[in-house]
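A closer look at the structure
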Amino acid sequence: MRSLAIVALLAGIAGAQTMSASAPTASTPRATHVIVTSEPGLDATARQLARSADDALAAIAADLPGLPQPTEIRVRVGRDAASLGAIEPARGAPAWAVGIAYPDLGELGVALRRGPDVVDPETTLRHELGHVALGVAMGSARVPHWLQEGFAYQHSAEWSMARYETLAGMAWFGGVIPLADLDASFPAAESPAQRAYAESYDFVGYLARRGRWEDTDDDGDRWPFRRFLAEVGHGTDLDTAARHQFGKPIAQLFDEWERSLEQRYFTAPVGLLGLAVWVLCALLLTIAWWRRRRQRRLGLAQGERSERDEDAAKVVAPPYVAWPGDD
């Protein structure tokens, strides 16, 4: 009987472990069902993107409180950007895009490369999920293109040196695109579009970090930005929502951002110059130390040679005695 009891106890523990392993890890059901399909041979990538989609959508939903969420999103994964246009042939896709989203259809595409350039599919996925989620949240509200792109960027974190150089060029040499020109759409050509993207990303990022007041110490914990989006999603126009949450209309906020752009990118080269001067000074000091050490070693070696020469001169050579030869 005792052995039967032990067997039953072990069986109960094993059963509990089996049930625990098979139970879902999430405590709440997913708000959005994500379906990921891929070209042959990309199954592992598709599974990884499906797993990461939940966390990305949760972070995006936090920026859209009280607004509708997508119920289903279909993701298509392809090897090359050239395949994105086939997702919706009637709409197509820019030749230079590595991702595409159709919020009204709940559909998006992700490419692993564009020609020879390999891209991070998870970064692209988060960006395109931002587009779909924002489109569903805003419904019929009018959302300018700069806000759509800037919001999507907030959740992709795709920093690049090229974008940094673009923004620095705007700050140093002008060329900031007026907000009205970004209101409806972006340029079709790649180079002007990159400027428009960089500007939109940075402006919306500035709003997300700004807080309720212009004071730089007020980071706002993103809530002014989130409430601004919520107002727009519930039908409030952009300027009214901006006044309610930031105290200024959009145009004045844009001017404020442009001044911050100049301050940030004008001081950055100064800081880099200071760093370069510091590195140069450290290099010169290192060279000077090395030269002094070398001269000291040469001086010691020369002193030792001189002492040896002096010691040798003090030794008296014995007198020369001619060999007398044999008698």
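Given the structure is predicted, the values throughout are model-derived calculations rather than measurements.

The rules behind each value
- Residues numbered from 1 in each chain as written.
- Predicted model: local features only at pLDDT ≥ 70, side-chain atom pairs only at ≥ 80, totals over all residues.
- Heavy atoms only, no water.
- Helix = DSSP H or I, 4+ residues; strand = E, 2+ residues; numbered from the N terminus.
- Buried < 20%, exposed > 50% of the residue type's maximum accessible area, 1.4 Å probe, protein only.
- Contact = heavy atoms within 4.5 Å.
- Areas by Shrake-Rupley, 256 points an atom, 1.4 Å probe, with all protein chains shown as cover.
- Axes fitted to C-alpha atoms, helices over the stretch in contact; angles between N-to-C directions.
- Parallel < 35°, antiparallel > 145°, perpendicular 65-115°, else oblique.
- Left-handed = near helix turned anticlockwise from the far one by under 90°.
- 1 Å grid on protein atoms, 1.4 Å probe; cavity = no way out; pocket = protein on both sides within 12 Å on 5 of 7 lines; lining within 4 Å.
- Points joined across faces, edges and corners; volume = space filled by probe spheres on them.
- Expected span 1.5 Å × (residues − 1).
- Arc of directions from axis to C-beta.
- Patch = residues over 30% accessible without salt bridge, like charges linked within 9 Å, V, L, I, M, F, W, Y side chains within 5 Å.
- Salt bridge = Lys/Arg side-chain N within 4 Å of Asp/Glu carboxyl O.
- Phe/Tyr/Trp six-rings, centres within 6.5 Å; stacked < 30°, edge-to-face > 60°.
- Pairing = 2+ DSSP bridges.
- Core = buried A, V, L, I, M, F, W, Y, C linked by side-chain atoms within 4.5 Å.
- Nonpolar A, V, L, I, M, F, W, Y, C, P; charged D, E, K, R; others polar.

Describing the overall build of the protein
Secondary structure summary: the protein contains 10 helices and 5 strands in total. The proportion of buried residues among the 327 residues of the protein is 34%. Within the protein, residue pairs in contact and separated by at least 24 positions form 67% of the contacts whose partners lie at least 6 positions apart. Surface summary for the protein: the accessible area is close to 19800 Å², and the carbon and sulfur share equals 59%.

A word on the packing of helix α3 (residues 121-138) against helix α4 (residues 145-154)
Close contact between α3 and α4 brings their axes to 7 Å; oriented N to C, the two are set at 130°. Classed by the angle they form, the pair α3 and α4 counts as oblique. When the axes of α3 and α4 are compared, the crossing they make is right-handed. For the pair formed by α3 and α4, the contact residues are H127, G130, H131 and L134 on the first element and L147, Q148, E149, F151, A152 and Y153 on the second.

What to know about empty space enclosed by the protein
Applying the stated criterion across every chain, the model contains 1 cavity of 30 Å³ or more. For the largest cavity, the calculated volume is near 70 Å³. If you trace the largest cavity, you find it lined by T32, L57, I60, A61, L64, L67, P68, Q69, P70 and A133. In terms of residues, the lining of the largest cavity owes the most to one element, helix α2 (residues 43-62), which gives 3 residues.

Structural notes on helix α5 (residues 161-173)
Since the α-helix packs 3.6 residues into each turn, any two residues three or four apart lie on the same face. An ideal rise of 1.5 Å per residue puts 18 Å on 13 residues; α5 measures up with 18 Å between its terminal C-alpha atoms. Among all positions of α5, only R163, L167, A168, M170 and A171 are buried. Each buried residue of α5 sits inside an arc of 155° when the element is viewed along its axis, so together they form one side. Just past α5, the residue G174 takes up positive phi, approximately 80°.

A few points about a nonpolar patch on the surface
A surface patch of nonpolar side chains, amounting to about 370 Å² of accessible area, comprises W172, F173 and F266. By the element assignment, F266 lies in helix α10 (residues 250-314). With relative accessibility at 35%, the residue F266 sits in the partly exposed group.

Here's the deal with the packing of aromatic side chains
Applying the stated criterion across every chain yields a total of 9 aromatic pairs. With a centroid separation of 5.1 Å and 40° between ring planes, the pair formed by F254 and W257 is classed as tilted. Of this pair, F254 and W257 both sit in helix α10, separated by 3 residues, roughly a single helical turn. Neither residue differs from the other here; F254 and W257 are each classed as buried. Among the aromatic residues, those joined into a cluster by ring pairs are W96, Y153, Y197 and Y201.

Observations concerning the pairing of strand β3 (residues 99-102)
Burial of β3 is two-sided: the residues G99 and A101 facing one way and the residues I100 and Y102 facing the other way are all buried. Note: β3 against strand β4 (residues 107-114), 4 bridges, orientation antiparallel. Within the sheet, the bridge partner assigned to G99 lies in β4 and is V110. Connecting β3 to the next strand, β4, in antiparallel fashion are 4 residues, including G106 with a positive phi near 65°.

Quick word on the nonpolar core
Counting residues in hydrophobic clusters, the biggest one holds 63 residues, and the most contacted among them are L64, L108, L129, W146 and F228. The biggest single contributor to this core is helix α7 (residues 190-210), with 10 residues. If we skip the residues at most four places from it in the chain, W146 touches L179, L182, D183, F186, S200, F203, V204, L207, L238 and I250. The next biggest cluster of nonpolar side chains, apart from the first, holds 6 residues, and it includes A81, L84, I87 and I100.

Some points on the layout of surface pockets
Rolling a probe over the atoms, with the probe sized like a water molecule, indicates the empty space that remains. The computed volume of the largest pocket comes to approximately 1200 Å³. Together, 45 residues line the largest pocket, and W96, H127, E128, Y197 and Y201 are the ones closest to its centre. Taken together, the elements giving at least two residues each to the lining of the largest pocket come down to β3, α3, α4, α5 and α7. Ranked by the residues each element gives to the lining of the largest pocket, the list is headed by α3, at 8 residues. In terms of residue class, the lining of the largest pocket is built from 22 nonpolar, 13 polar and 10 charged.

Quick notes on the pattern of salt bridges
Under the defined criterion, the tally for this structure stands at 10 salt bridges. Among the salt bridges present, the one from E107 reaches R74, with a minimum N-O distance of 3.7 Å. Taken together, the positions of E107 in strand β4 and R74 in strand β2 (residues 72-80) put the pair 33 residues apart, joining distant regions of the chain. The partner of D202 in a salt bridge is R264, and the shortest N-O contact between them spans 2.6 Å. Highlighted residues: D202 in helix α7 and R264 in helix α10, separated in sequence by 62 residues. Its relative accessible area of 12% is what places D202 among the buried residues.

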